[in-house]
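Residues per chain, in single letters:
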Amino acid sequence: MNLEKTIRVTVQSIQQETPSIKSFTLSSVEGETLPLFSGGSHITTYIEKENEIIARSYSLTTHPEHNQSYRISISLSEASKGGSYYWHHHIQIGDTLRISYPKNDFPLSFKAKHHVFYAGGIGITPFLSMMAELQSEGGSFELHYAAKTKETCAFYSFIKEQYPKQTSFYFSQESESNRLSEATLLEHPIGSHVYFCGPEGFTRHFIKTAKQIGYPTCSIHYEQFTPPLPLKMNPFQVELTNGQTIYVTKEKTLLEALLESGIEVPYSCRLGRCGTCELEVLEGQVDHYDSFLSEEEKKNQDVIISCVSRAKSDKIVVK
């Protein structure tokens, strides 16, 4: 990580949104305004812990034009490897850390006549800045938000007050509430773009249904919080063009192994979506798990998205 390209911030406030979700407001240590961003943007946070740096990306949930501070909302994951667990149990008001400049891999489409957001649980976070941006510009949108109960529905009161006509809530564990159905996709007017964000199963199911119904690929947008899980987590070797060989264990990604070996590899989303960490493959077979490369590019076997994809062969040579 190049610390010169990050921003030093302090934790200004912490808000308990639900029993498992906390919001953290971050402001510049120097007291300056923060960079402007667009709806759907995220930042990567860097927490220095002993001999390691925990890097995690979170959506910005504030209005894009309000840059006195940033707010991120983090759900405590039972499978956390240090990210959400550390934020929930160790980060305190007044702590300082570094963050990246805002990046947007999940932007609003300028071609859409109507925007339809489907959120599952913590998947609401990128839509908060998107809806704020659209409301300011007079854009057309609606939100379908699924959660277990009102108590576990982050920003329930805020959304109900701010977007009462655009929002439909669905609570799976409340008997008087309807469940969110894929049939809702049939109700949107021509020219609508659909956006999905939530648990992997939720997002995958709605994307598949939208394609089956006939939504054009260019009208389907989605955000992931966790990378896809490879079917085979076999270890492999990576040979660099400088002659250096790096061993990638089954617990590590290629990107992690390279960074830990001191190899500077550009990266951003760590979810296989943005293509920033793409490397050229000179020899060996790749097991692709990204959503960035086209099917034709994957067949060519000459590049690898190092944050999620792995070697199918025992060794690959990368440039």
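This text follows the structure it describes.
Rules of the game
In this numbering scheme, every chain counts its residues from 1 along its sequence in written order. Reporting in this predicted model follows two pLDDT cut-offs: at least 70 for local features of residues, and 80 or more for side-chain atom pairs to be given and counted; totals over whole chains, interfaces and linings ignore these cut-offs and use all residues. Only hydrogens and water are removed before side-chain values are computed, so all heavy atoms of the structure are retained for them. Here a strand is any run of E in DSSP of at least two residues, a helix any run of H or I of at least four, and the numbering for each starts at the N terminus. Atoms counted for the radius of gyration: C-alpha only. Globule rule: 2.2 Å times the number of residues to the power 0.38. For each residue, the accessible area found with a 1.4 Å probe, counting protein chains only, is set against the maximum for its type, and the residue is called buried under 20%, exposed over 50%, and partly exposed in between. Between two residues, a contact is recorded if the distance between any of their heavy atoms is within 4.5 Å. Methods summary: accessible areas were calculated by the Shrake-Rupley approach with a probe of 1.4 Å, and residue burial reflects only the protein chains presented. What makes two strands pair is DSSP finding at least two bridges between them. Note on definitions: angles span 0 to 180 degrees between N-to-C directions of axes, and those axes are lines fitted to C-alpha atoms, for helices only across the stretch in contact. The definition of a nonpolar core used throughout is a set of buried Ala, Val, Leu, Ile, Met, Phe, Trp, Tyr and Cys residues joined through side-chain atoms within 4.5 Å. The length a helix should cover is 1.5 Å for every residue beyond the first. Within this analysis, the arc is defined by the directions that extend from the helix axis to the C-beta atoms. What qualifies as a polar contact is a pair of N or O atoms within 3.5 Å, subject to a donor-acceptor requirement within protein and to the restriction that residues adjacent in sequence count only when both atoms come from side chains. Stacked, edge-to-face and tilted labels apply to pairs of Phe, Tyr and Trp rings (six-membered ring for Trp) whose centres lie within 6.5 Å, assigned for plane angles under 30 degrees, over 60, and everything in between, in that order.

1. Considerations on the overall build of the protein chain
And step 1. A tally of helices and strands in the protein chain yields 6 helices and 18 strands.
And step 2. Its C-alpha atoms give the protein chain a radius of gyration of 20 Å, near enough to 20 Å, the size a compact globule of 319 residues would have.
And step 3. For the protein chain, the residues scored as buried account for 50% of the 319 residues in total.
And step 4. Taking as baseline every contact in the protein chain between residues at least 6 positions apart, the subset at least 24 positions apart corresponds to 64%.
And step 5. If you sum the accessible surface of the protein chain, you get close to 16,500 Å²; carbon and sulfur atoms cover 47% of it.

2. Brief notes about the sheet that holds strand E9 (residues 167-171)
And step 1. Ordered by their spatial adjacency, 5 strands build an open sheet running E9-E8-E7-E10-E11, and the pairing between neighbours is parallel. Looking at the sheet topology across the chains shown, the edges are occupied by E9 and strand E11 (220-223). Sheet twist, expressed as the average angle between the axes of neighbouring strands with direction ignored, equals 15°.
And step 2. Alignment of strand E8 (residues 141-147) against E9, held across 5 bridges, turns out to be parallel. Residue pairing for E9: Leu-143 is matched across the bridge by Thr-167.

3. Description of the sheet that holds strand E16 (residues 303-305)
And step 1. Strand order in the open sheet formed by 5 strands is E13-E12-E18-E14-E16, with mixed pairing between adjacent strands. Edge positions in the sheet fall to strand E13 (245-248) and E16, since each has one partner strand and no second. The mean inter-strand angle of the sheet, taken between neighbouring strand axes irrespective of direction, is 40°.
And step 2. Note that strand E12 (residues 236-240) and strand E18 (residues 315-318) share 4 bridges and pair parallel. Across the sheet, Gln-237 pairs through a bridge with Lys-315, a residue of E18.

4. Details of the nonpolar core
And step 1. By size, the foremost hydrophobic cluster in this structure holds 28 residues, and its most contacted members are Phe-117, Ile-124, Phe-127, Leu-143, Tyr-145, Ile-159 and Tyr-195.
And step 2. A per-element tally of this core places helix H2 (residues 125-137) first, with 6 residues.
And step 3. In this structure Tyr-195 touches Phe-106, Pro-107, Leu-108, Ser-109, Ala-112, His-115, Val-116, Phe-117, Tyr-118, Phe-127, Met-130 and His-221, once residues within four positions along its chain are discounted.
And step 4. Ranked by size, the runner-up nonpolar core spans 27 residues in total, among them Tyr-267, Leu-293, Ile-305 and Val-308.

5. Side note on helix H4 (residues 200-213)
And step 1. Spanning 14 residues, H4 covers 20 Å between terminal C-alpha atoms, matching the ideal 20 Å at 1.5 Å per step.
And step 2. Residues Phe-202, Thr-203, Phe-206, Ile-207, Thr-209 and Ala-210 constitute the buried set of H4. Viewed end-on, H4 has its buried residues packed into an arc of 165°, placing them on one side of the element. Looking at H4, the residues exposed on the side facing more than 90 degrees away from the buried face are Arg-204, Lys-208 and Gln-212.
And step 3. Where H4 is buried, its residues meet strand E7 (114-120), strand E10 (192-197) and E11.
And step 4. A positive phi of about 120° marks Gly-214, the residue just after H4.

6. Side note on the pairing of strand E14 (residues 278-283)
And step 1. In the sheet, E14 pairs with E16 via 3 bridges, with the strands oriented antiparallel. Looking at the pairing, Leu-279 lines up with Ile-304 of E16.
And step 2. Note: E14 against E18, 2 bridges, orientation antiparallel. Note on E18: the bridge partner recorded for Glu-283 is Val-317.

7. Some points on unusual backbone geometry
And step 1. Backbone geometry places Phe-155, a non-glycine residue, at a positive phi of 65°.
And step 2. Relative to the elements of secondary structure, Phe-155 occurs in the loop between E8 and helix H3 (156-162).
And step 3. Classification of Phe-155 by relative accessible area gives buried; the value is 8%.
And step 4. Its identity as a non-glycine residue notwithstanding, Gln-301 has a phi of 60°, on the positive side.
And step 5. Here Gln-301 shows up in the loop between helix H6 (295-300) and E16.

8. Some points on the side chain of Ser-23
And step 1. The topology assignment puts Ser-23 in strand E2 (residues 21-28).
And step 2. Classification of Ser-23 as buried rests on a relative accessible area of 3%.
And step 3. In terms of polar contacts, Ser-23 uses its side chain to reach the side chain of Ser-73, at 2.7 Å.
And step 4. If sequence neighbours within four positions are ignored, Ser-23 has contacts with Ser-13, Ile-14, Gln-15, Glu-17, Arg-71, Ile-72, Ser-73 and Phe-155.

9. Looking at the packing of aromatic side chains
And step 1. This structure, assessed with the given rule, holds 18 aromatic pairs.
And step 2. Aromatic side chains Tyr-58 and Trp-87 sit 6.2 Å apart centroid to centroid with 85° between the ring planes, which places their arrangement in the edge-to-face category. Taken together, the positions of Tyr-58 in strand E4 (residues 52-59) and Trp-87 in helix H1 (residues 83-89) put the pair 29 residues apart, joining distant regions of the chain. Both residues of the pair, Tyr-58 and Trp-87, belong to the buried class.
And step 3. Between Phe-117 and Phe-141, the ring centres sit 6.3 Å apart and the planes meet at 45°, which makes this aromatic pair tilted. Pair noted here: Phe-117 is in strand E7 and Phe-141 is in strand E8, with a separation of 24 residues, a long-range link.
And step 4. Ring pairs connect the aromatic residues Phe-106, Phe-117, Phe-127, Phe-141, Phe-158, Tyr-163 and Tyr-195, which therefore count as one cluster.

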